[in-house]
Amino acid sequence: MLFRSFSTTVAITGAADVLDGIARPGHFNGVATVVTKLLLQILPDIALFGEKDYQQLTVIRRLVADLNILFPEFAEDFVQHIHIEEDRLFRYIGILSGSMRGTINPSALHRIMEKDSIHRFVIEHEAHDDEMEGIRKITADYLLMPDAPLHLEVLYAHLQQLEHELRTHARIENEILFPKAATLEARIRARLTEIARLN
């Protein structure tokens, strides 16, 4: 990893341009490149760095904050899980909408509605709120001590950003999407009941 010839480096500005960076031009870019390559190869959830060389620690903190290298997998897995659920939800809403135009036969629609319902999606959706609450308990509501290590700072920043995005997402679903979809579903159920009554 270290000795192979390559043309790409990671350049750090600011913290790398003062003190030891003046006497050793390019040194911190080398450190940043090696650390970046290491982190990208192993993709750790956390990384622990010594605090003996404060300037080097500052450079690595800047690198990790700017490039968001640490802690990608939990957020990605969590978001992917949400996408899978939403694909099912939007497919279901699409079927409901199509049924209003008469594009699906009533018995097939009835089978689909027996398998899925907006109520089930709401329950699954609420489970995500419980998962975030569990994370908050583990992290003591994201309270960081002033001398917290770098890996905790990065971890907590990612968790806070993820939670902010999930809260926004949940508000849109809870206040707009689910109520409209539930109304549509109720209209279709009433229509299917009427069709069954007439047959």
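Note that this is a predicted model, so its numbers are computed, not measured.

Judged by nonpolar contacts, the single largest core of 15 residues is most densely connected at Ile12, Val35 and Ile60. Of all the elements in the fold, those that place two or more residues in this core are helix H2 (27-42), helix H3 (54-67) and helix H7 (150-198). Element by element, the count of residues in this core is highest for H2, at 5 residues. Sequence-distant contacts of Ile60, defined by excluding residues within four places in its chain, comprise Val31, Val35, Phe49 and Leu150. In this structure, Leu89, Phe121, Leu177 and Ile188 belong to the second largest nonpolar core, which totals 14 residues.

Take the packing of aromatic side chains next. With the rule as written, the count across this model stands at 1 aromatic pair. Plain terms: the ring middles of Tyr92 and Phe121 are 5.8 Å apart, the flat faces sit at 45 degrees to each other, and that makes the pair tilted. In this pair, Tyr92 is assigned in helix H4 (residues 72-100) and Phe121 in helix H6 (residues 118-138), connecting sequence segments 29 residues apart.

The subject of this paragraph is a nonpolar patch on the surface. Taken together, the side chains of Val18, Leu19 and Ile22 present a nonpolar region at the surface, about 320 Å² in accessible area. Considering the arrangement of structural elements, one finds Ile22 in helix H1 (residues 20-23).

So, how was this worked out
Residues numbered from 1 in each chain as written. Predicted model: local features only at pLDDT ≥ 70, side-chain atom pairs only at ≥ 80, totals over all residues. Heavy atoms only, no water. Core = buried A, V, L, I, M, F, W, Y, C linked by side-chain atoms within 4.5 Å. Buried < 20%, exposed > 50% of the residue type's maximum accessible area, 1.4 Å probe, protein only. Helix = DSSP H or I, 4+ residues; strand = E, 2+ residues; numbered from the N terminus. Contact = heavy atoms within 4.5 Å. Phe/Tyr/Trp six-rings, centres within 6.5 Å; stacked < 30°, edge-to-face > 60°. Patch = residues over 30% accessible without salt bridge, like charges linked within 9 Å, V, L, I, M, F, W, Y side chains within 5 Å. Areas by Shrake-Rupley, 256 points an atom, 1.4 Å probe, with all protein chains shown as cover. Salt bridge = Lys/Arg side-chain N within 4 Å of Asp/Glu carboxyl O.

These results come straight from atomic positions and should not be treated as a statement about function.
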